[in-house]
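# Structure at a glance
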Amino acid sequence: MSAELLGRKLIDCGTKIVAVGRNYAAHAKELGSAIPKEPVLFLKPTSSYVREPDPIEIPKPITEVDYEAEIGVVIGRRAKDVFEEEAWNYVRGYVLALDMTARSLQNVAKEKSLPWTVSKGYDTFTPISKFFQLKKTPIPPLSFWLKVDDQTKQKGCTSDMIFSIPFLIHYISGIMTLNEGDMILTGTPHGVGPVKAGQTITAGIASPAVQMTFPVITRPDPERTKSPFLSESLDGTDVPQ
């Protein structure tokens, strides 16, 4: 089985995305947040995944969202109470990911001490690259970047993370069981910022060579459709049984 097919099957069977906030000191500072003493975690739904060539959709009435480039770690088997020194045994592979964020909604949620789910959980708010694997563990530092309309906005390296991948697997698996195909988003470096419909995001990893491109659009208005499973359609007319 090819790595791409394996990754797609794994990710499609995953039950959750566990994201890590403020895992790069410079990013915490640019948001005016304290550097955390333990990982800041939040969840994203797997329905937020989107792959090329599909676009990132900005839902109305929001007019812009923030990009956050991250390395995603794909779990290969059930992980519960994992010791840090054994954590690499539970990793099957990686993706480059974007944690798209409706920052205006997140700021309101923070002010009211509410969860961030709405600001992070919209469909298409977790664009991901093709799945890739690395043979050596611990893995070498991964340098990655993000551009908006060919202008570089973010550059980061996993060596700058506050909490390492093994520690994150240890920490998270002590709180919630990680299932096969679950993904950990390991945090974003300095340089997050907004994009609007009509712009294009390109992101990549230097080595191994990984690149992905996503156009940004306004989410189309939903269309009402008749369902063959209902005895009556939405417009009130009968539907054959």
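Everything numeric here is computed off the predicted structure, so don't read it as measured data. (Residues numbered from 1 in each chain as written. Predicted model: local features only at pLDDT ≥ 70, side-chain atom pairs only at ≥ 80, totals over all residues. Heavy atoms only, no water.)

## Considering the overall build of the protein
Filter applied, for reference: By definition, any uninterrupted DSSP run of H or I lasting at least four residues is a helix, any uninterrupted run of E lasting at least two residues is a strand, and each is numbered from the N terminus. With C-alpha atoms as the basis for the radius of gyration, the globule rule is written as 2.2 Å multiplied by the number of residues raised to the power 0.38. The rule is simple: take the accessible area with a 1.4 Å probe, protein chains only, and divide by the maximum for that residue type; under 20% is buried, over 50% is exposed, in between is partly exposed. Here the Shrake-Rupley method, with its probe set to 1.4 Å, supplies the accessible areas, and only the displayed protein chains count as covering residues.
Of regular secondary structure, the protein possesses 5 helices and 14 strands. Taking 18 Å as the expected radius of gyration for a compact globule of 241 residues, we find that the protein reaches 19 Å, a close match to that expectation. Each of the three principal axes of the protein carries a C-alpha extent, and together these read 65 × 40 × 35 Å. Looking at the 241 residues of the protein, the share that counts as buried comes to 48%. Per element, the accessible surface of the protein, about 12300 Å² overall, is 52% carbon and sulfur.

## Structural notes on the sheet that holds strand β11 (residues 183–185)
Heads up, the rule is: Pairing between two strands is assigned when DSSP locates at least 2 bridges connecting them. Angles here are taken between N-to-C directions and fall from 0 to 180 degrees, while the axes themselves are lines fitted to C-alpha atoms, restricted in helices to the stretch in contact.
If you trace the 5 strands from one edge of the open sheet to the other, you get β2-β1-β11-β6-β7, paired in mixed fashion. Edge positions in the sheet fall to β2 (40–44) and β7 (91–98), since each of these pairs with one other strand and no more. The mean angle between the axes of side-by-side strands here comes to 25 degrees, regardless of whether they run parallel or antiparallel. Bridge count between strand β6 (residues 69–75) and β7: 7 bridges; the pairing is antiparallel. Across the sheet, the residue bridging to Ala69 is Leu98, located in β7.

## Thoughts on the sheet that holds strand β10 (residues 151–157)
Spatial strand order, β4-β14-β13-β9-β10: 5 strands in an open sheet with mixed pairing. The sheet is open, and its two edges are formed by β4 (56–58) and β10, each paired on a single side. Between one strand and the next, the sheet's axes are offset by a mean angle of 20 degrees, whatever the strand orientation.

## Re the environment of Pro53
Locating Pro53 in the fold gives a position in the loop between β3 (49–50) and β4. Its relative accessible area of 72% is what places Pro53 among the exposed residues. Separated by 161 residues in the primary sequence, Pro53 and Phe214 place their C-alpha atoms 6.9 Å from one another.

## Details of the UniProt feature "domain: Fumarylacetoacetase-like C-terminal" (unreviewed entry) in the protein
Rule in force here: UniProt positions are given in the numbering used here, feature names are shortened, and annotations may be inferred rather than shown by experiment.
Here, UniProt's "domain: Fumarylacetoacetase-like C-terminal" (unreviewed entry) annotation points to residues 16–206. Segment residues 16–206 splits into 15% helix and 32% strand. End C-alpha atoms: 27 Å apart.

## With respect to the nonpolar core
For clarity, the threshold we go by: Only buried residues count toward a nonpolar core, which is a set of Ala, Val, Leu, Ile, Met, Phe, Trp, Tyr and Cys residues joined through side-chain atoms within 4.5 Å.
Leu98, Met100 and Ile201 are the most contacted members of the largest nonpolar core, which totals 48 residues. If one sorts the elements of this core by residue count, helix α5 (residues 165–173) sits on top with 5 residues. With 16 residues, the next largest nonpolar core counts Leu10, Tyr49, Val95 and Phe131 among its residues.

## Some points on the packing of aromatic side chains
One pair of aromatic rings is described through two measures. These are the centre distance and the angle between the planes. Using the following cut-off: Only rings of Phe, Tyr and Trp enter the pairing, Trp through its six-membered ring, and a pair is recorded when the two centres are within 6.5 Å. The plane angle decides the type: under 30 degrees is stacked, over 60 is edge-to-face, the rest tilted.
Inspection of every chain in the model, using the stated rule, returns 5 aromatic pairs. An angle of 55 degrees between the planes, with centres 5.2 Å apart, marks the rings of Phe42 and Trp116 as tilted. Of this pair, Phe42 sits in strand β2 while Trp116 sits in the loop between α3 (103–111) and α4 (117–120), and the two are 74 residues apart along the sequence. The exposure class of Trp116 is buried, given its relative accessible area of 19%. When the centroid spacing of 5.7 Å and the interplanar angle of 25 degrees are considered together, the rings of Phe163 and Phe167 count as stacked. On the basis of relative accessible area, Phe163 is assigned to the buried category, the value being 10%. Relative accessible area serves as the criterion here: at 25%, Phe167 is assigned to the partly exposed category. Feature note: the residues Phe163, Phe167 and Tyr171 constitute an aromatic cluster, connected by ring pairs.

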